[in-house]
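# Breakdown of the fold
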Amino acid sequence: MISSTFFINDVEADAIDLAKHRRKLRKEINPLHLSEIAFRKNFRISKKLFIQIRDKIAPNIGPHHPRGLSVSEKLAATLKFLAQGSYQLGVGNDFTVPMAQSTFSETLNETLRTLEQHLKPYITLEMSDREKEEARRFFYDKSGIPGITMAVDGTHIRIVAPKENPVMYFNRKGFYSLNALMICDNNSIIRYVNARYGGSNHDAFILNSSPAMDYFDAQWRNGERLSKLLG
């Protein structure tokens, strides 16, 4: 009994020491001190865009207590996870945003909700006349097809097999996934994304079932004949 008690106390002490070590590292390390190339490699966006997003969400996601995570730390950890797709390979084993898994789980949920709330308005199918003209010129130079303003495709995001209706997520490539439909313009800016369908669904079905198709149908009914979607 005594040895078991000592073992438990040692484990608790190690956990406390690790938590202190992570806090110390976070104070000493600032991801923005990385070179631009290293920063893009880790977080998939530029420093300038990172700062713009951080300042946009800051009022809603600040530290909850004096030793709490800063906005930069929360955003960096979330972007790192989205870039790597794994806690163990990314945030949990990383010098740029050291963080325990329980802390990260709370951070991820909070940050994603805030990002969706504040950044969703920027993802839009609406284009100005100038943007449409630039897109038509770009796509015509690339494809020789006139009138194209946006391009569409589906991409399979690998997931662990769900417990409910796993067959709906098993794709033709032989693994479980979400089939995410994306529409982008000539500048590779995402104009629309729909990741609610399992991998067994065909790209055409997802597009025809999406609000994006309702948007293009409405544009056509309103007389828009100079904008095409390349797929």
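The written sequence of each chain sets the order in which its residues are numbered from 1. Local features in this predicted model are restricted to residues whose pLDDT is 70 or higher, and side-chain atom pairs enter the listing and the counts only when it is 80 or higher, whereas totals over whole chains, interfaces and linings include all residues. Each side-chain value is worked out from all heavy atoms of the structure, with water and hydrogens disregarded.

### So, the packing of helix α3 (residues 47-57) against helix α4 (residues 71-84)
Quick note on the threshold: Think of each axis as a best-fit line through the C-alpha atoms, taken over the contacting stretch in the case of a helix, with angles from 0 to 180 degrees between the N-to-C directions. In DSSP terms, a helix is any run of H or I states spanning at least four residues, a strand is any run of E spanning at least two, and both are numbered starting from the N terminus. Each angle gets one of four labels, with under 35 degrees taken as roughly parallel, over 145 as roughly antiparallel, 65 to 115 as roughly perpendicular, and the rest as oblique. Less than a right angle of anticlockwise turn of the near helix away from the far helix marks a crossing as left-handed, whereas a clockwise turn marks it as right-handed. What makes two residues a contact is simply this: any of their non-hydrogen atoms within 4.5 Å.
Between α3 and α4, the shortest axis-to-axis distance is 10 Å and the interhelical angle comes to 120 degrees. Taken as axis vectors, α3 and α4 run oblique relative to one another. In this structure, α3 crosses over α4, and the sense of that crossing is right-handed. On α4, the residues that touch Phe 50, Ile 53, Arg 54 and Ile 57 of α3 are Val 71, Ser 72, Leu 75, Ala 76 and Leu 79.

### Considering the nonpolar core
Under the convention used in this document: Side-chain atoms within 4.5 Å link the members of a nonpolar core, which is a set of buried Ala, Val, Leu, Ile, Met, Phe, Trp, Tyr and Cys residues. Exposure is judged per residue with a 1.4 Å probe applied to protein chains only, and the accessible area is read against the type maximum: over 50% gives exposed, under 20% gives buried, and values in between give partly exposed.
Grouped together as the largest cluster of nonpolar side chains are 18 residues, with contacts concentrated most on Leu 125, Met 150, Leu 181, Ile 183, Tyr 192, Ala 212 and Phe 216. Core analysis: the next-biggest nonpolar cluster, separate from the first, contains 14 residues, Leu 34, Ile 53, Ile 57 and Ile 61 among them.

### Observations regarding the sheet that holds strand β4 (residues 228-230)
Rule in force here: In this scheme, strands are said to pair when DSSP sees at least two bridges between them.
One open sheet accounts for four strands, arranged β3-β2-β1-β4; its pairing is mixed. The open sheet terminates on both sides in strands that have one partner only, identified here as β3 (190-194) and β4. Averaged over neighbouring strand pairs, the angle between their axes works out to 25 degrees when direction is ignored. Direction of pairing for strand β2 (residues 177-184) relative to β3: antiparallel, over a ladder of four bridges. Counted as the bridge partner of Cys 184 is Ile 190 from β3. Here helix α6 (residues 129-143) sits on the sheet in contact with β1 (148-158) and β3, set at roughly 75 degrees to β1. Those strands touched by helix α8 (residues 211-221) are β1, β2, β3 and β4, and its axis lies near 130 degrees from that of β3.

### Section: the packing of α3 against helix α5 (residues 101-119)
Short version of the rule: In the scheme used here, Gly and all other residues not listed as nonpolar or charged are polar, with Ala, Val, Leu, Ile, Met, Phe, Trp, Tyr, Cys and Pro taken as nonpolar and Asp, Glu, Lys and Arg as charged.
Packing of α3 against α5 brings their axes to within 10 Å, and their N-to-C directions diverge by 95 degrees. The pairing of α3 with α5 is recorded here as roughly perpendicular in orientation. Of the residues in α5, those in contact with Ile 53, Lys 56 and Ile 57 of α3 are Thr 114, Leu 115, His 118 and Leu 119. Residues belonging to the contact of α3 with α5 are distributed by class as follows: four nonpolar, two polar and one charged.

### Some points on the environment of His 64
Secondary-structure assignment places His 64 in the loop between α3 and α4. Once you skip the residues sitting within four places of it in the chain, His 64 turns out to touch Lys 74 and Glu 110.

### A few points about the environment of Ala 204
Note that Ala 204 resides in helix α7 (residues 203-208). When the C-alpha positions of Ala 204 and Asp 153 are compared, they lie 9.2 Å apart, and in sequence the two are 51 residues distant.

### Here's the deal with the pattern of salt bridges
Selection criterion: Salt-bridge detection follows one rule: a side-chain nitrogen of Lys or Arg within 4 Å of a carboxyl oxygen of Asp or Glu.
Throughout the structure, instances matching the rule amount to nine salt bridges. The salt bridge partner of Glu 133 is Arg 137, with a shortest N-O separation of 3.7 Å. Highlighted residues: Glu 133 and Arg 137, both in helix α6, separated by four residues, approximately one helical turn. The class for Arg 137 is partly exposed, based on a relative accessible area of 46%. Among the ionic pairs, Asp 185 bridges to Arg 191, the shortest N-O distance being 3.1 Å. For the residue pair Asp 185 and Arg 191, the accessibility class agrees, reading buried in each case. Sharing partners across several salt bridges, the network here consists of Glu 131, Asp 185 and Arg 191.

### Some details on α8
Helical geometry note: an α-helix holds 3.6 residues per turn, so side chains three or four residues apart project in the same direction. The cut-off we apply is this: This arc corresponds to the set of directions leading from the helix axis out to the C-beta atoms.
For α8, every residue scored as buried is listed here: Ala 212, Met 213, Tyr 215 and Phe 216. Down the axis of α8, the buried set is contained in an arc of 155 degrees. They therefore lie on one face. As for α8, its buried residues are in contact with β1, β2, β3, α7 and β4. Where α8 ends, the next residue or the one after it, Gly 223, has phi of about 100 degrees, a positive value.

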